[in-house]
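Observations on the three-dimensional arrangement
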Amino acid sequence: MTTISFFLILLSNVLCTRCAIGYDHHQKKLEDSLKEAKLNLWSRGEYNYDRYYSDDNCTLEEKVDFMEMVSMWPPMRLGPVRDVRLTYLNEDCTELDCGPSWLNRNPSWFDFRGGANHDDVEETSHGEKNLRNKIDQLGRKFGPEFLEAIRKNEQEHARDCSISCESFYCAPETSNDMEQGVHQSILNGTSFSSYSFGATPPEDFGEEFGFPLDLIKVTKGNPLFSPEEAARVIDIAKAEGVDSNEFKSGKYQLGGDWLTNLPNTLRWFNELLESKLFSLLPQLFPEIVSSPSVLRAHSVSLLKYNVTHPRTDVHIDNGILAMTLAMTPISEYEGGGTFFEHMDTIIPMDVGHGTFRPGSVRHGGHKVLKGTRYILGAFLLIEDRVEHVRRLKNRGSELRRKSDLEGAARHFEWALAINPKCTTCLKDWAEILLTQKKYEEAEEKLRKVLELLEEKDSDALFSLGVILSEAGRDDESIDAYIKSVKLNAEDAELCYNLGIKLGAKGDKKAEMAMYAKATNVNPKFGGAWLNWGTVLAEDGNFEDAEVMFLKGMECDEVRTKAIMNLALVYQKQAERNAAEGSFISAKELAIKAGDLLDSTRPYLENVTNDEDRKYAKQFTPLRLQAHRILGSIYAGMQDFASCEAEFRKATDNFPRIRGSWEMLARILEIQGKTKEASGVRAVIHNLQ
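Computed from a predicted structure; not experimentally measured. (Residues numbered from 1 in each chain as written. Predicted model: local features only at pLDDT ≥ 70, side-chain atom pairs only at ≥ 80, totals over all residues. Heavy atoms only, no water.)

1. Considering the sheet that holds strand E11 (residues 363–365)
- The sheet built from three strands is open, its strands ordered E9-E8-E11 with antiparallel pairing. Looking at strand neighbours, the two that pair on one side only are strand E9 (345–347) and E11, the edges of this open sheet. On average, each strand axis in the sheet is tilted by 30 degrees relative to the strand beside it, whichever way the strands run.
- Both strand E8 (residues 338–340) and E11 contribute to a ladder of three bridges, which runs antiparallel. Residue pairing across strands places Phe339 opposite Gly364, the latter belonging to E11. (Pairing = 2+ DSSP bridges. Helix = DSSP H or I, 4+ residues; strand = E, 2+ residues; numbered from the N terminus. Axes fitted to C-alpha atoms, helices over the stretch in contact; angles between N-to-C directions.)

The following block contains the structure:
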């Protein structure tokens, strides 16, 4: 914590001492003043605005007085200061007092930050009308195919909302308990901390949200439900088999199940929606949620994190709003929490607490190191608002999976025409361009993403590293990978790729450090074990290389290669020890190499993957070499009988290969068994 932050927090405890005195006629003015103070802090790099007044009993007037004082003091030192903010605040005015002339000189300021465009500032309350007008204009530009996609969005949205009400609670249109529900929550001692959504607004309805985009809401004080209630729900879910299920999510396996498969758990969740959650959300997000009756839950799951299912990818959620409810006490696990990439912050939640946010913020379930953590995650739709950007983007992704790259690109283009700041649209389009080897166009889109997000997107940096690597710009590629690792060192594939690039530059120590990180994140990342072992073997560290290749043999995708590499390591060790006169250990290693190959021969003979078959073809020369090395070691020990036996075994295993007979003929001649040697020579002649 900086000295200034400590001083401000200490001062807050002095200023916020009076009791709350209730609502007065200055409330609206005070709320506007508080928002301006938060915006001023945001421009200086702050994300957590509530940490400056720790007493929830402060009146709104006290909070405004203090926040205005706070916002005047720190010049640019609070929190994670971003280059772009410094750039624009180096002008003659700040964003709070810049007039129209400044906006005319710097029209991209609002465009870059997100939210309302400068020429629409007075129209943000009419966002829906603006969206409809924009769609009409784009229909004239893109034609019937675009309008058909929009109609399809509306149909899918209506269907999804209807299906939601079949399983999840939907409030009646006459519902009038919103204020009562929120009031009851406050009486129970639950309040909220607010965190910034980041540099760009949500992908849909972005014009509805103004800065400072304090849209990530986390409960504090008393929980939404008690630890005892949470424990009871987890017991119910366990009885319904939640622990026996798992599914793939990005790079990771997750434990848990959909609530639609857990009817008794679902019943509890629906009661919570009705009694509390749907009443809270219109107050948390009044910009887009008009009442509880328009909210629709979908894709609701109970997830289980532990050592074997520790985390999720950094991702965005498939809904305009999302919520995460903590179902396990913090005392029962280590690690965990929700990681928000733009803040480089992990937000913990104790049992019964929740996080509510727009779905398009990049976040992930942080790694659980010990114990078990359950969370309930839900995506939400809004019945009277169609997410055209998200649905166009999702349909584009589906077309891409079906190899319709042109159709996919059109959908991404349409989504970006509605919202030019849709960063996932830009990234997905860049992936298509990379596939088409259009590196310059792909790079342009990714750099736009990084500009919009102030370089706070590890996926975009990773993809940029790939593109730069393909274009032969290795130094720039490494720089992009390093920046990505700094944001998200928990990405195994990223660490692996950076390791490869560092190895190509000759930095073996850094290369192996990246493989170590990759395998620490994902112990089943076979490529990292294989490369790590190869680097060690090339440096003559056969003992440690053996460990890495054994680990690689546990990973299906590289098992064949690991077997071959491990056999080579044993053979190299045997030859080295024999050359040093350590015949006993050399013999053991040579036997080990042969046994390894023999034991895996059935597997190698039945591989189906083309690349694996290529490596499996190395079995014969490797096994023959194992016979040669072991026989030579016996000969060096003057144990010619054992040498002969080993070479006879080679001819039994490979009767059609001249090399096996050549070895046998030679040892017979050394022993003076000329008649037998002549017979072997005759076999060799016939094989020619």
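2. Observations concerning the side chain of Thr265
- The residue Thr265 is located in helix H11 (residues 263–284) in this model.
- Sequence-distant contacts of Thr265, defined by excluding residues within four places in its chain, comprise Val233, Ile236, Ala237, Glu240 and Leu259. (Contact = heavy atoms within 4.5 Å.)

3. Thoughts on the environment of Asp598
- On the secondary structure map, Asp598 appears in helix H23 (residues 583–605).
- Take Asp598: its relative accessible area is 33%, and that puts it in the partly exposed class.
- Placed 21 residues apart in sequence, Asp598 and Phe619 show a C-alpha to C-alpha distance of 9.3 Å.
- Not counting the four nearest positions on each side in its chain, Asp598 is found in contact with Phe619 and Arg623. (Buried < 20%, exposed > 50% of the residue type's maximum accessible area, 1.4 Å probe, protein only.)

4. Some thoughts on the packing of helix H8 (residues 144–167) against helix H13 (residues 405–418)
- Relative to each other, H8 and H13 sit at 80 degrees, their axes nearing to 11 Å. If you check the angle between H8 and H13, you find them roughly perpendicular. Only Arg410, His411, Trp414 and Ile418 of H13 make contact with H8, whose side of the interface consists of Glu145, Phe146, Ala149 and Ile150.
- When its residues are assigned to classes, the contact of H8 with H13 shows five nonpolar, one polar and two charged. (Parallel < 35°, antiparallel > 145°, perpendicular 65-115°, else oblique. Nonpolar A, V, L, I, M, F, W, Y, C, P; charged D, E, K, R; others polar.)

From the geometry alone we can't say anything about function, so treat these as descriptive.
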